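Observations on chain architecture
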Amino acid sequence: MTSLIRGFFGFILWFMLAFVLRWVLGFIFKESLDPNDLQSSLEEDTSEALGTTLDIRTPDEDEELKNLLKPQPGQGSGSELGFKPLQPPKLVSLKDPEELAKAVRHLKEE
């Protein structure tokens, strides 16, 4: 229960400290800006802001995707080459079985 109470008071203390610090910094920065300068800077910001935004949207590509999925009249479905199954190389040892057994026995002793 003591930890819970201390945690609550710590939270309240840090919250109030942050709130006061934010208020003081806001007051300092608002005071440093002159109202006339603020109006002119707003007008300059809007003129400088023109053309600075980038609209990133891609156009619809539904038709292009449909065309890619349809077979082209000049292209076949790959039947001209015919089907050739994959034939991976076989993993066969060309060594003598006695020699392999001797090597395994030697490794087993170590």
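Bear in mind that the values here come from a model prediction, so they are computed numbers and not experimental data. (Residues numbered from 1 in each chain as written. Predicted model: local features only at pLDDT ≥ 70, side-chain atom pairs only at ≥ 80, totals over all residues. Heavy atoms only, no water.)

Comments concerning the overall build of the chain
The test is simple: Here a strand is any run of E in DSSP of at least two residues, a helix any run of H or I of at least four, and the numbering for each starts at the N terminus. Using a 1.4 Å probe, the Shrake-Rupley method yields the accessible areas, and only the shown protein chains count as cover for residues.
Looking only at helices and strands, one finds four helices and zero strands in the chain. Taken from N to C terminus, the helices and strands of the chain fall in the order α-α-α-α. Here the chain displays about 11900 Å² of accessible surface, and carbon together with sulfur accounts for 63% of that area.

Quick notes on the packing of aromatic side chains
Short version of the rule: What counts as a ring pair is set by centres within 6.5 Å for rings of Phe, Tyr and Trp (its six-membered ring), and what kind of pair is set by the plane angle: stacked under 30 degrees, edge-to-face over 60, tilted for all other angles. Between buried and exposed lies partly exposed: a residue is buried under 20% and exposed over 50% of the maximum accessible area for its type, with that area taken using a 1.4 Å probe on protein chains only.
Applying the stated criterion across every chain yields a total of three aromatic pairs. Aromatic side chains Phe 8 and Phe 9 sit 6.1 Å apart centroid to centroid with 55 degrees between the ring planes, which places their arrangement in the tilted category. Judged by its relative accessible area of 54%, Phe 9 is exposed. An angle of 25 degrees between the planes, with centres 6.2 Å apart, marks the rings of Phe 11 and Phe 15 as stacked. Separated by four residues within a single helix, Phe 11 and Phe 15 lie in helix H1 (residues 2–32), roughly one turn from each other. Note on accessibility: Phe 11 and Phe 15 belong to one class, exposed.

As for helix H4 (residues 97–109)
Filter applied, for reference: Helices are assigned an expected span. That span is 1.5 Å times one less than the residue count.
For H4, spanning 13 residues, the distance from its first C-alpha to its last is 19 Å, which sits close to the expected 18 Å at 1.5 Å a residue. The element H4 is largely exposed, with a buried count of zero among its 13 residues.

Some remarks on the confidence of the model for the chain
Short version of the rule: One number per residue, pLDDT, summarises how confident the predictor is, and it ranges from 0 to 100.
When the pLDDT values of the chain are averaged, the result is 78; 72% of them are 70 or greater. Summarising per-element confidence for the chain, the mean pLDDT is lowest in helix H2 (residues 35–49) (57) and highest in H1 (92).

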